[in-house]
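This is what each chain is made of:
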Amino acid sequence: MSSPFQDPGFLRDPYPTYAELRRDGAVRKLPGTGHKAGYAVTGYSEARQALAEPGLSKDTARFFAGKETGRSLHPAVSQNMLATDPPDHTRLRRLVTRAFTPGAVDLLRPYIVDLADALTDSWVPGDRVDVIESLAVPLPVTVICQLLGVPAADRDAVRAWSTDLFAAGDPRRIDAASHGLAEYMAELVASKRRTPDDALLSALVAVRDSDGDQLTEQELVSLAVLLLVAGHETTTSAIGNAVLALLRHPAQLELLRSDPSRIDRAVDELLRYDSAVTIATWRWAPEAVRVGDTDIPAGSPVSVSPGAANRDPDRFTDPDRLDLERADAHAHLAFGHGIHRCLGAPLARAEVAAALRVLLTRFPGLRLGRPADQLRWRRSRLIHGLESLPLLL
Ligand code: HEM
């Protein structure tokens, strides 16, 4: 039996697979052997528990120690804050929390709105555009690069490495991208050390140089890589999924168009309905642990699925329906839960809202430029998102 996640239809529409898995058990053993055997968590309450479960570790390096994987991911990519447990996780996260609070994001909001406007300024009603390429990619890439202090001239290269990192397929390509990005970031750190600016990376370099106990050089580079990568592939897909969901639900779209002040709240239901992070990053059980009603043996990998949890009928009434007025949509797990809950959630929300606002207010005739069942989805295990989304303006 092959993994249910390899089903060809899974990339396009993972929800029937999730429903089937959930019917067999909200926590279920997957096929596979050795370090690939594992458990899938598809129920809402079980996913919420698993995401915050201290008995499940994120320490990937410890899991793979002594195991032959045949891989050569750069350590700055494989060992980052999202792949560490407390106390290291606590120490690293504290260094960057302040830059991503709702208050900090409020200060950035005018910049994000202006950028969304600027990216669509040349669009004319009647045009065809790929909203992924022309808005959903450049908006978050530009914002996170601006926040970190990545020069504009380097943004295309950064984006290409980051896309390769998330692509399923040739592991050599992923490994090569990890080296490209890590080496680039190490050089950027060196250049900020010589010529500091007022962006986040220079602030982290200052922490590193004034108190080496707080942050090692490798941690500094890996934190910067994580912020760069986590901050845009996800948001790009969230914007694409949200636009597609609205275009497939004209009455809901009309609701937002008639009252754009509803957009901020609608973002949560859109994130719930079609979650960009369909399977969370990797966890494992150093000791035997119980998740829901299932005993997971020591040494097992665990895949927790926010995408599945957000469609669990035991948590959300009529979960396969998009309902922008759903009162409990904010309970979704699209940003994860527990100590690793998305650091960039306020920023991501602001970016998705800015993209929707500009599309809905500027282009009243917006519609799909290709039938929904012919759209191309990204070949990624963790991210559920479109490769392109052609629109008629
Ligand atoms: C809609 C867009 C986004 C979605 C759906 C999303 C989703 C997630 C999820 C599910 C996690 C937890 C993963 C796990 O526990 O396995 C996470 C973690 C994280 N996200 Fe996001 N994210 C988004 C945007 C962003 C942005 C804009 C940033 C900006 C820097 C960001 C930075 C991070 C970081 C640094 C972590 C790791 C936190 C930790 O380990 O403590 N994300 N994100």
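Model, not experiment: these values are computed from the prediction.

## Topic: unusual backbone geometry
At step 1: Looking along the chain, the bond that leaves Pro-86 and enters Pro-87 is cis, with omega of 5 degrees.
At step 2: Here Pro-87 lies in the loop between helix H4 (75-78) and helix H5 (88-97).
At step 3: A positive phi angle, close to 50 degrees, is found at Asp-318, a residue other than glycine.
At step 4: The topology assignment puts Asp-318 in the loop between helix H16 (306-309) and helix H17 (345-362).

## So, the nonpolar core
At step 1: Core analysis: the biggest nonpolar cluster contains 109 residues, and Val-41, Leu-148, Ala-224, Val-225, Val-302, Val-352 and Ala-355 have the highest contact counts within it.
At step 2: Beyond its immediate sequence surroundings of up to four residues, Val-225 is in contact with Ala-76, Val-77, Asn-80, Leu-181, Ala-182 and Met-185.

## Section: the site of the ligand
At step 1: Residues in close proximity to the ligand total 27 residues, the closest being Gly-231, Ala-280, Gly-336, Cys-342 and Gly-344.
At step 2: Elements that contribute at least two residues to the shell around the ligand include exactly helix H12 (217-230), helix H13 (233-247) and H17.
At step 3: Residues of the shell around the ligand, tallied by class, amount to 19 nonpolar, seven polar and one charged.

## Observations regarding the packing of helix H6 (residues 102-120) against helix H8 (residues 138-148)
At step 1: Between H6 and H8, whose axes approach to 10 Å, the crossing angle comes to 140 degrees. With respect to each other, H6 and H8 are oriented oblique. Here H6 runs over H8; the crossing is right-handed. Only Pro-138, Leu-139, Thr-142 and Val-143 of H8 make contact with H6, whose side of the interface consists of Ile-112, Leu-115, Ala-116 and Leu-119.

## Observations regarding the sheet that holds strand E3 (residues 128-130)
At step 1: Reading across the sheet, the three strands line up as E3-E9-E8 and stay open at both edges, with antiparallel pairing between neighbours. Two strands lie at the open edges of the sheet, namely E3 and strand E8 (367-368), each paired on one side alone.
At step 2: Note: E8 against strand E9 (residues 390-392), two bridges, orientation antiparallel. Looking across to E9, one finds that Arg-367 is bridged to Leu-392.

Conventions adopted
Residues numbered from 1 in each chain as written. Predicted model: local features only at pLDDT ≥ 70, side-chain atom pairs only at ≥ 80, totals over all residues. Helix = DSSP H or I, 4+ residues; strand = E, 2+ residues; numbered from the N terminus. Core = buried A, V, L, I, M, F, W, Y, C linked by C-beta atoms within 7 Å. Buried ≥ 20, exposed ≤ 12 C-beta atoms within 10 Å, placed from the backbone. Contact = placed C-beta atoms within 7 Å. Near = placed C-beta within 6 Å. Nonpolar A, V, L, I, M, F, W, Y, C, P; charged D, E, K, R; others polar. Axes fitted to C-alpha atoms, helices over the stretch in contact; angles between N-to-C directions. Parallel < 35°, antiparallel > 145°, perpendicular 65-115°, else oblique. Left-handed = near helix turned anticlockwise from the far one by under 90°. Pairing = 2+ DSSP bridges.

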